[in-house]
Amino acid sequence: MSGLALVGDIGGTNSRFGLTEPGSTRVSDIAVQKNDQFGSLEEAIAAYLRSKGLSGLAAAAIAVAGPVEGETVSLTNRNWSFTRDSLRAAAGAKAFRLLNDFEALALSLPHLGETETVQIGGATPDRPALKIVLGPGTGLGMAALAALPDGGWLALASEGGHVSLPVLTRAEFEWREKMSRPGVPFEAEDAITGGGLLHMYQVIATKPSLKTPEEVLQAALANTDEAAVRTRDQVVVWLGRVASDAAMAFQAKGGVYLAGGIVPSIVGKLREGRFREVFEQRGKNAHVMRPMPVYAIVGEFPALRGCAAAIAAMRL
């Protein structure tokens, strides 16, 4: 039996794995595997462990993109289903923890270094306080991290990406109308994601030539496509409103953290001012928002750090 532990962050497209020592949040031997290469998550885990020459582990913690309630768990954006027992067996782990991906991100927050985040306004908290993390990728995830009286932390998973999209201006109502169907709820996740970004671009471009979210972001950064620039800028506004709503609801005085695959690409735009302006735009409650710091997570693989923190909390 190895004294190492496996950590994993499983999305719809890729699986990211690494190794840690129980009690530490340092992760090594990180590998990214394409899910299309495997028929199941169990196969993906087994392949990673074979590549490292490992056959038995002290523990494993796996974070997945989807709800983790019930006996059988399924990924939201991939046709993979599994159980805790099947994953534990695939890892050969003595102890096991299954987490939602944003629950793992929440657990990583106290362990992120200064170079792994970029602060966007607000004041640095002078004591531990509730934090939230949200961000766009394939979906729009959200979770909270509550400070406990004994000095520990409690992660609270949520499905905050399924709240209604906060639309205020006439232009935004027209944009949403082009993207939605009458009588069908239009969620924040329908716009503030990679797929939503592409859809937003397609409905306003006169002759849409860009085919992927990555192409839209690259064109916006290069300022080569007016519709792409408008789309990126509107995503920043809507992300600011969703972050503000969540921060107000949770009173996130410990900070709001932005994560997900899109955030590092737009961090420069987030720092220009419009995001923070929208975040603080709460009328008579603007004074509540002004001190709340926002951080963009730019470090790689934070969810793996959160999984390592979950293993450390097992006190093996």
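Our subject is the structure that appears above.
For the structure given in this document, a descriptive report is provided here. (Residues numbered from 1 in each chain as written. Predicted model: local features only at pLDDT ≥ 70, side-chain atom pairs only at ≥ 80, totals over all residues. Heavy atoms only, no water.)

1. Brief notes about the packing of aromatic side chains
For step 1, the next point in the chain: Tallied over the entire structure, the rule returns four aromatic pairs.
For step 2, the next point in the chain: Ring centres of Phe275 and Phe279 lie 6.3 Å apart, and the angle between their planes is 15°; on these two criteria the pair is classed as stacked. Residue Phe275 and its partner Phe279 are located together in helix H9 (residues 274-280), separated by four residues, close to a single helical turn.
For step 3, the next point in the chain: Overall, Phe275 belongs to the buried group, its relative accessible area being 0%.
For step 4, the next point in the chain: When the ring centre of Trp80 is taken as reference, the NZ or CZ atom of Arg78 above it lies at 5.2 Å.
For step 5, the next point in the chain: The cationic tip of Arg230 hangs over the ring face of Trp175; the distance from NZ or CZ to the ring centre is 5.3 Å. (Phe/Tyr/Trp six-rings, centres within 6.5 Å; stacked < 30°, edge-to-face > 60°. Helix = DSSP H or I, 4+ residues; strand = E, 2+ residues; numbered from the N terminus. Buried < 20%, exposed > 50% of the residue type's maximum accessible area, 1.4 Å probe, protein only. Lys NZ or Arg CZ within 6 Å of the ring centre and 35° of its normal.)

2. Describing the pairing of strand E9 (residues 131-136)
Regular strands place their side chains on alternate faces of the sheet.
For step 1, the next point in the chain: Of all six residues in E9, six are buried, a share of seventy percent or more.
For step 2, the next point in the chain: Burial along E9 is two-sided: the face carrying Lys131, Val133 and Gly135 and the face carrying Ile132, Leu134 and Pro136 are both buried.
For step 3, the next point in the chain: Bridging between E9 and strand E10 (residues 140-147) involves six bridges; their strand directions are antiparallel. Residue pairing across strands places Leu134 opposite Met142, the latter belonging to E10.
For step 4, the next point in the chain: Note that E9 and strand E12 (residues 255-258) share four bridges and pair parallel. In the strand pairing of E12, Lys131 is matched with Gly255. (Pairing = 2+ DSSP bridges.)

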